[in-house]
Amino acid sequence: MKKQILFLLFINLFLGLNAQSNNDILINQTFISMIGSVCEETPDDNPCAGLEIFLILNFSKNNVSILEKEVSSCGVENINYTLDYKWELIQNHEIKIYNNPKEIAYDFLKNLVIKVENKKVIGYTKRGDKKTDKFEFKKIDIK
């Protein structure tokens with residue numbers, strides 16, 4: 001009986017350490033992923049007609065700051081929005097973001113699921129045709 005209790009305590013401790021290590025991967029870290037691109041057809045040769053769209057996640061202990069940034073093909077940057085929400089790591093290593101549904105009703109975040117997989121931050125979203133897109137968020141250093 002004592003061995004079974006000791007074994008269960010050991011398993012519980014191991015699972016708790018594993019969840020903590022995933023939290024540690026996120027806290028005080030910033031991640032970025034290109035989530036889309038747009039190319040606009042123009043009548044003349046316009047070097048700024050294209051855009052790459054990036055999602056930036058900056059995690060603190062309790063909150064995540066979310067930025068959507070556009071970078072034109074000529075290097076001009078524009079921040080579309082900055083949001084700040086509470087977050088936690090839940091089952092299946094999913095990052096639960098407690099967002100405001102009204103703020104993201106027509107936004108990329110609406111169908112986004114973010115997980116920690118193999119110590120990487122991965123995003124999944126369903127497109128209109130029900131195909132799932134996968135995005136890997138790269139860790140970046142903010143100084």
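Keep in mind the model is a prediction, meaning the values are calculated, not measured. Residue numbers here run from 1 along each chain, matching the order of that chain's written sequence. The predicted nature of this model means local features are confined to residues of pLDDT at least 70 and side-chain atom pairs, given and counted, to a pLDDT of 80 or more, with totals for whole chains, interfaces and linings taken over all residues. In computing side-chain values, all of the structure's heavy atoms are included and hydrogens and water are not.

Engineer: Could you give an account of the overall build of the protein, naming the residues involved and the relevant values?
Structural biologist: Going along the chain from the N terminus, every DSSP run of H or I of four or more residues is numbered as a helix, and every run of E of two or more is numbered as a strand. The helix and strand tally for the protein stands at 1 helix and 8 strands. In sequence order, the protein lays out its α and β elements as α-β-β-β-β-β-β-β-β. Throughout this description, buried means an accessible area under 20% of the type-specific maximum (1.4 Å probe, protein chains only), exposed means over 50%, and partly exposed covers the range between. Residues classed as buried in the protein amount to 31% of the 143 residues present. Sequence-distant contacts, at least 24 apart, represent 35% of the contacts inside the protein between residues at least 6 apart. Values of accessible area rely on a 1.4 Å probe in the Shrake-Rupley scheme; residue burial ignores everything except the protein chains shown. Summing over all exposed atoms, the protein offers an accessible surface of approximately 10,200 Å²; the carbon and sulfur share of this is 53%. Two residues form a contact once any of their heavy atoms are found within 4.5 Å.

Engineer: Help me get a handle on the packing of aromatic side chains, residues and values and all.
Structural biologist: Two aromatic rings, drawn from Phe, Tyr or Trp (for Trp, its six-membered ring), form a pair once their centres lie within 6.5 Å of each other, and the interplanar angle then sorts them: stacked below 30 degrees, edge-to-face above 60, tilted otherwise. If you walk through the whole model with that rule in mind, you get 2 aromatic pairs. Measuring from centroid to centroid gives 6.1 Å for F31 and F59, while their planes differ by 75°, and the two rings are edge-to-face. Of this pair, F31 sits in strand β1 (residues 29-39) while F59 sits in strand β2 (residues 50-59), and the two are 28 residues apart along the sequence. With respect to burial, F31 and F59 carry one shared label: buried. Their ring planes at 75° and their centres at 5.0 Å tell us that F59 and W87 sit as a pair that is edge-to-face. Here W87 lies in strand β4 (residues 77-89) and F59 lies in strand β2, a separation of 28 residues in the sequence. One exposure class covers both F59 and W87, and it is buried. Grouping aromatic residues by their ring pairs yields a cluster made of F31, F59 and W87.

Engineer: Explain the nonpolar core to me, and be specific about the residues and the numbers.
Structural biologist: We define a nonpolar core as any set of buried Ala, Val, Leu, Ile, Met, Phe, Trp, Tyr and Cys residues linked to one another through side-chain atoms lying within 4.5 Å. Of all hydrophobic cores here, the largest spans 24 residues; its most connected members are L26, L55, I66 and I95. Secondary-structure elements contributing two or more residues to this core are β1, β2, β3 (63-72), β4, β5 (94-98), β6 (113-117) and β8 (132-140). Counting residues per element, this core draws most heavily on β4, at 5 residues. Setting aside residues no more than four positions away along its own chain, I95 makes contact with L26, F59, W87, E88, L89, I114, K115, V116 and V121.

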